[in-house]
Amino acid sequence: MGLRIVMLGAPGAGKGTQAERIASDWDLPHISTGDIFRKNLKEGTELGIQAKKYMDAGELVPDDVTCTMVAGRLAESDCAEGYILDGFPRSTGQAEALTRLLAERGEGLDIAINISVPDEEIVDRLSARRFCPECGAIFNMKFNPPKGEPNTCDRPGCNGTLVQRDDDKPETIRQRLTVYHEQTQPIEQYYDQRGILTAVNGSHRTPDDIYNDIKTILTQTESGSRT
Ligand code: AMP
């Protein structure tokens, strides 16, 4: 039995970095809706064109578009035994749609991990965030820079040149935080009421320390879901 995990937290809280590690250790597909939108944008698909104006403005892509995309992804065979959703759901409407979708499949989520980081720290972090367009790895030039060549991805065999996301520019960061507080944060209550919310302190801690907490939580969840 795999795990069905949702990662919650503000943009830049470290969801993607942690999801990448969980995916590797637990052998689960890492489904990042932001990554899927960016891939579509790069490839110039209809979905990418539709999403672009919302992404550029730091707004959420409408729920119907996003939920249809996620339903399609979860229908793929690698998701049969579990997955990590990163950046989805991001509104109560999406959380409800996900509950319905999973119920149709006879599934439920095992855990929602909420990484909490104060706003001031988020602004600092997002401004220093870079990613590798080749392999998707995420870095922070202040707190988690690539080892080796400056501004170059250090993942084995990659060597991509790191870039800043357009929406990690200061004006868009503030708008994304507003959207997060207004539309995404209510989801914490949604999962808390369903008894699957777990909080992890993501403030002023290294990715390794945060991951140690997450590993402990997931090991407990796994043994609980197997009994
Ligand atoms: P992220 O990489 O998760 O920060 O997402 C980048 C952008 O993609 C967001 O600011 C939104 O415009 C869009 N996006 C990603 N996930 C979602 C979602 N679940 N619902 C709506 N829009 C999303």
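Before any of the text, the structure's been laid out above.
Keep in mind the model is a prediction, meaning the values are calculated, not measured.

J.: What is the right way to read the overall build of the chain from this model?
T.: Within the chain one finds nine helices and seven strands. For 227 residues, the compact-globule formula gives about 17 Å, and the C-alpha radius of gyration of the chain, at 17 Å, lands near that figure. Oriented by its inertia axes, the alpha-carbon framework of the chain measures out at about 50 × 40 × 35 Å. Counting every position in the chain, which comprises 227 residues, the buried fraction comes to 47%. Put simply, of all contacts in the chain between residues at least 6 apart along the chain, 71% involve residues at least 24 apart. Element-wise, carbon and sulfur atoms account for 49% of the exposed surface of the chain, whose accessible area totals about 11,200 Å². Taking the 26 positively charged and 36 negatively charged side chains of the chain as two groups, their mean positions are separated by 2 Å.

J.: Mind showing me how you'd approach the site of the ligand here?
T.: Surrounding the ligand, one finds 16 residues, the nearest of these being Thr-33, Glu-59, Gly-87, Arg-90 and Gln-94. Between Glu-59 and the ligand, the recorded distance is 2.6 Å, taken from a backbone N or O atom to an oxygen atom. Between the ligand and Val-61 there is a distance of 3.0 Å, counted from a nitrogen atom to a backbone nitrogen or oxygen. Here the ligand, which alone exposes 480 Å², has 96% of that area covered by the protein. Examining the composition of the shell around the ligand, we find that four residues originate from one element, helix α2 (residues 33-43), more than from any other.

J.: Help me out: how do you make sense of the sheet that holds strand β2 (residues 30-32) in this one?
T.: In a beta sheet, neighbouring strands pair by backbone hydrogen bonds and run either parallel or antiparallel. Here we have five strands laid out as an open sheet, ordered β2-β3-β1-β4-β7, and parallel in their pairing. Because the sheet does not close on itself, it has two edges, and the strands there are β2 and β7 (197-201). On average, adjacent strands in this sheet sit at an angle of 20° to one another, irrespective of strand direction.

J.: Would you mind going over the packing of aromatic side chains with me for this structure?
T.: Remark: the centre distance and the inter-plane angle together describe each pair of aromatic rings, the angle taken between the planes. Under the criterion given, the structure shown has one aromatic pair. Relative to Tyr-191, the ring of Tyr-190 lies with its centre 5.2 Å away and its plane at 80°, an arrangement referred to as edge-to-face. Of note, Arg-194 hangs over the ring of Tyr-190, and the distance from its end group to the ring centre comes to 3.6 Å.

J.: Could you clarify how one ought to interpret the environment of Leu-8 in this entry?
T.: Of note, Leu-8 is situated in strand β1 (residues 4-8). Leu-8 sits 104 residues away from Ala-112 along the chain, and the two C-alpha atoms are 6.7 Å apart. Residues within four places of Leu-8 in sequence aside, it is in contact with Lys-15, Pro-89, Ala-112, Ile-113, Asn-114, Ile-115, Ile-187, Glu-188, Tyr-191 and Leu-197.

J.: Where do I start with unusual backbone geometry in this structure?
T.: Trans peptide bonds make up most of the peptide bonds, and negative phi angles are found at most residues other than glycine. Here the residue pair Phe-88 and Pro-89 is connected by a cis peptide bond, since its omega of 0° sits within 30 degrees of zero. Inspection of the secondary structure puts Pro-89 in the loop between β3 (83-86) and α5 (92-104). Of note, Asn-159 is a non-glycine position whose phi angle comes to about 70°, a positive value. Note on placement: Asn-159 falls in the loop between β6 (138-140) and α7 (170-184). One non-glycine residue with positive phi stands out, namely His-204, at about 50°. For His-204, the location among the structural elements is in the loop between β7 and α9 (207-226). Taking relative accessible area as the criterion, His-204 reaches 71% and is therefore assigned exposed.

J.: Would you mind going over helix α1 (residues 15-26) with me for this structure?
T.: In an α-helix there are 3.6 residues to a turn, and that puts residues three or four apart on one side. For α1, spanning 12 residues, the distance from its first C-alpha to its last is 16 Å, which sits close to the expected 16 Å at 1.5 Å a residue. Every buried residue of α1 is accounted for by Lys-15, Gly-16, Thr-17, Gln-18, Ala-19, Ile-22, Ala-23 and Trp-26. With its phi angle positive at about 55°, Asp-27 sits one or two positions after the end of α1.

The rules behind each value
- Each chain has its residues counted from 1, following the order in which its sequence is written.
- The predicted nature of this model means local features are confined to residues of pLDDT at least 70 and side-chain atom pairs, given and counted, to a pLDDT of 80 or more, with totals for whole chains, interfaces and linings taken over all residues.
- Hydrogens and water molecules were not included; the side-chain quantities draw on all heavy atoms of the structure.
- Comment: elements are numbered from the N terminus, with helices defined as DSSP H or I runs of at least four residues and strands as E runs of at least two.
- Note on method: radius of gyration uses C-alpha positions; expected globular size equals 2.2 Å times residues raised to 0.38.
- Relative accessibility decides the category of a residue: with a 1.4 Å probe and only protein chains considered, values under 20% of the type maximum give buried, values over 50% give exposed, and everything between is partly exposed.
- Every residue pair with non-hydrogen atoms within 4.5 Å of one another is taken to be in contact.
- All accessible areas in this document rest on Shrake-Rupley with a 1.4 Å probe, and a residue is counted as covered only by the protein chains that are shown.
- Charge assignment in this entry is limited to Lys and Arg as positive and Asp and Glu as negative, and neither His nor the chain termini are counted.
- The atom standing in for a charge is NZ when the residue is Lys, CZ when it is Arg, CG when it is Asp and CD when it is Glu.
- Throughout, the term near means that a residue has one or more heavy atoms lying within 4 Å of the molecule or strand in question.
- We define a polar contact as two N or O atoms separated by no more than 3.5 Å, with the added condition that, inside protein, one atom must be a possible hydrogen donor and the other a possible acceptor, whereas residues neighbouring each other in sequence contribute only through side-chain atom pairs.
- DSSP-based pairing: two strands are paired if at least 2 bridges between them are found.
- Axis angles are defined between N-to-C directions and span 0 to 180 degrees, where every axis is a line fitted to C-alpha atoms and, for a helix, only to the segment in contact.
- Here the aromatic set is Phe, Tyr and Trp, taking the six-membered ring for Trp, and pairing holds for ring centres within 6.5 Å; pairs whose planes are under 30 degrees apart are stacked, those over 60 apart are edge-to-face, and all others are tilted.
- Two limits define a charge over a ring: the Lys NZ or Arg CZ must be within 6 Å of the ring centre, and within 35 degrees of the ring normal.
- What a helix should span is 1.5 Å times the count of its residues minus one.

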